[in-house]
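Take a look at the letters that make up each chain.
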Amino acid sequence: VEAWRRGNWGEIGERPSVLLTRPFQALRAYVSREGDDHLYYEYAELMVGGPGDLPFIARKSPGDDPATALARLKVSVRDGPGWRLPYRDFPVEYPPLPLALMLLPRLAVDSLGAYRVVLGALLGGLFLVACWAGARLSVVTKMSGSLDPVWWRMAWLALAIGPLLCQRFDLLPASLVAAALYAFACRQDVIAGALLGLAVMTKLYPLLLFLPLLAFLLGGRERRRALVLAGAGAAAALAVAAPFLLTAPEPFLRAVGLYGERPLHFESQLGAIALALRGPAALVRSYGSSNVM
């Protein structure tokens, strides 16, 4: 991966042993790449009243070119010391719950290096939660007779995820969704709905999971369970969104709706179909990923 990023395939072609003689370099490349954790740190800095690296945030902002984004940031970020409220005191592109995850490590440490360690530990803990919920779900639904083989597969999955385990907040919605599905299988509908509602406030895709769950319940004529599930989800989502809807409704709704404006990921089902029909000309690089327009 690092050779591809730097364009130095020649070194590997001339000396293939470089892949074996520098295992420590390979390990460093595996766990210490520049990732989204740096952006999370800068947002946390803004929340606690620090200056934040506005040029860096501008370079990472979706849509506008960095110069336009930087000019907008300088006008939008509230000056002076003291805590800043997201959306009202500075613009941010994420739904609200990931901001809480970004803030927690910054409350414990004040350097980027230490922040990465603490954030990685938190995300590792969320990964274990997702593994536990998935393993329990496989037993409850009789997909697996015991937890042992499930945990073994989870260990390999952790290695496959690699640096993303420590650099992206995606494990927060993943753990919430896994726990919600386990609660749903155990007929704990209030807990399942609340967890899904929180997951929606983390990343919008869990909203789509409500539809098959409600269809499953309504198809089985379990209307009361469907109402409880939907009601608990709506209440949890509203509880998280309410402070921002009251203080900065327009910036908040724009940030949450931003994910609906993104093009299709090329590895998604619809993206793969569009790419197959239109060819490589449909590929664009935007929002920090390869997408299909």
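Residues numbered from 1 in each chain as written. Predicted model: local features only at pLDDT ≥ 70, side-chain atom pairs only at ≥ 80, totals over all residues. Heavy atoms only, no water.

A.B. asks: Any details on the overall build of the protein? Residues and values, ideally.
C.D. replies: From N to C terminus, the protein includes 17 helices and three strands. Split into buried and exposed, the 293 residues of the protein put 40% on the buried side. If you take every contact in the protein between residues at least 6 apart in sequence, the share linking residues at least 24 apart comes to 59%. Total accessible area on the protein is roughly 16,500 Å²; 67% of this is exposed by carbon and sulfur atoms. (Helix = DSSP H or I, 4+ residues; strand = E, 2+ residues; numbered from the N terminus. Buried < 20%, exposed > 50% of the residue type's maximum accessible area, 1.4 Å probe, protein only. Contact = heavy atoms within 4.5 Å. Areas by Shrake-Rupley, 256 points an atom, 1.4 Å probe, with all protein chains shown as cover.)

A.B. asks: I'd like a rundown of the sheet that holds strand 1 (residues 264-265), residues and numbers included.
C.D. replies: Pairing within the open sheet is antiparallel, and its three strands lie in the order 1-3-2. Edge positions in the open sheet fall to strand 1 and strand 2 (283-286), since each of these has one partner strand only. As paired strands, strand 1 and strand 3 (residues 289-292) are joined by two bridges and run antiparallel to one another. Across the sheet, the residue bridging to Leu264 is Val292, located in strand 3. (Pairing = 2+ DSSP bridges.)

A.B. asks: Got a sec to walk through helix 7 (residues 66-76)? Specific residues and values, please.
C.D. replies: Turning to helix 7, its buried residues are Ala69, Leu70 and Leu73. End-on view of helix 7: buried residues confined to an arc of 100°, all on one side of the axis. Turned more than 90 degrees off the buried face of helix 7, the exposed positions are Ala67, Lys74 and Val75. Close packing links the buried residues of helix 7 with helix 6 (54-60). (Arc of directions from axis to C-beta.)

A.B. asks: Which residues make up the packing of helix 12 (residues 171-185) against helix 14 (residues 206-219), and what values go with them?
C.D. replies: Helix 14 packs onto helix 12 with a crossing angle of 10° between their chain directions and a minimal axis gap of 12 Å. Between helix 12 and helix 14, the crossing angle belongs to the class labelled roughly parallel. Across the interface between the two elements, Val177, Leu181 and Phe184 from helix 12 touch Pro206, Leu209, Leu213, Phe216 and Leu217 from helix 14. Partitioning the contact of helix 12 with helix 14 into residue classes produces eight nonpolar, no polar and no charged. (Axes fitted to C-alpha atoms, helices over the stretch in contact; angles between N-to-C directions. Parallel < 35°, antiparallel > 145°, perpendicular 65-115°, else oblique. Nonpolar A, V, L, I, M, F, W, Y, C, P; charged D, E, K, R; others polar.)

A.B. asks: Tell me about the packing of helix 5 (residues 36-47) against helix 9 (residues 112-140), and please be specific about residues and values.
C.D. replies: Running from amino to carboxyl end, helix 5 crosses helix 9 at an angle of 110°, the nearest separation of the two axes being 10 Å. By the criterion of interaxial angle, the relationship of helix 5 to helix 9 is roughly perpendicular. Listed contacts from helix 9 to Asp37, His38, Tyr40, Tyr41 and Ala44 of helix 5 are Leu112, Tyr115, Arg116 and Leu119. In the contact of helix 5 with helix 9, the residues fall into six nonpolar, one polar and two charged.

A.B. asks: Let's hear about the pattern of salt bridges: which residues, and what values?
C.D. replies: Under the counting rule described, the total for this entry stands at 11 salt bridges. Between Asp37 and Arg116 there is a salt bridge; the shortest N-O distance is 3.2 Å. One end of the pair, Asp37, is in helix 5; the other, Arg116, is in helix 9, and 79 residues separate them in sequence. A salt bridge links Glu45 to Arg106; the nearest nitrogen and oxygen atoms lie 2.5 Å apart. Here Arg106 lies in helix 8 (residues 96-108) and Glu45 lies in helix 5, a separation of 61 residues in the sequence. A relative accessible area of 12% means that Glu45 is categorised as buried. Classification of Arg106 as buried rests on a relative accessible area of 17%. (Salt bridge = Lys/Arg side-chain N within 4 Å of Asp/Glu carboxyl O.)

A.B. asks: So what's going on with helix 17 (residues 269-278)? Residues and values would help.
C.D. replies: Two or three places before Gly271, at the opening of helix 17, Ser268 has a side-chain oxygen 3.1 Å from that residue's backbone nitrogen. Positive backbone phi, at 85°, marks Gly279, one or two positions downstream of helix 17. (Polar contact = N/O pair within 3.5 Å; in protein donor to acceptor, adjacent residues only side chain to side chain.)

A.B. asks: How would you summarise the environment of Phe90 if you had to cite specific residues and measurements?
C.D. replies: Considering the arrangement of structural elements, one finds Phe90 in the loop between helix 7 and helix 8. With a relative accessible area of 1%, Phe90 lands in the buried category. For the pair Phe90 and Leu46, spaced 44 residues apart in the sequence, the C-alpha separation amounts to 7.7 Å. Phe90 has contacts with Tyr43, Leu46, Met47, Ser76, Val77, Arg84 and Leu85, leaving out every residue within four places of it along the chain.

A.B. asks: Got a sec to walk through a nonpolar patch on the surface? Specific residues and values, please.
C.D. replies: On the surface, Trp83, Leu104, Leu107 and Leu122 cluster together into a nonpolar patch covering about 420 Å² of accessible area. Note that Trp83 resides in the loop between helix 7 and helix 8. For Trp83, a relative accessible area of 54% corresponds to the exposed category. (Patch = residues over 30% accessible without salt bridge, like charges linked within 9 Å, V, L, I, M, F, W, Y side chains within 5 Å.)

A.B. asks: Let's hear about the packing of aromatic side chains: which residues, and what values?
C.D. replies: Per the stated rule, a full pass over the model turns up 11 aromatic pairs. Here the aromatic rings of Tyr43 and Tyr94 are separated by 6.0 Å at their centres, their planes lie at 85°, and the arrangement is edge-to-face. In this pair, Tyr43 sits in helix 5 while Tyr94 sits in the loop between helix 7 and helix 8, placing the two residues 51 residues apart along the sequence. Note on accessibility: Tyr43 and Tyr94 belong to one class, buried. With 5.2 Å between their ring centres and 85° between their planes, Tyr87 and Phe252 make a pair best called edge-to-face. Taken as a pair, Tyr87 in the loop between helix 7 and helix 8 and Phe252 in helix 16 (residues 249-261) lie far apart in primary sequence, 165 residues in all. (Phe/Tyr/Trp six-rings, centres within 6.5 Å; stacked < 30°, edge-to-face > 60°.)

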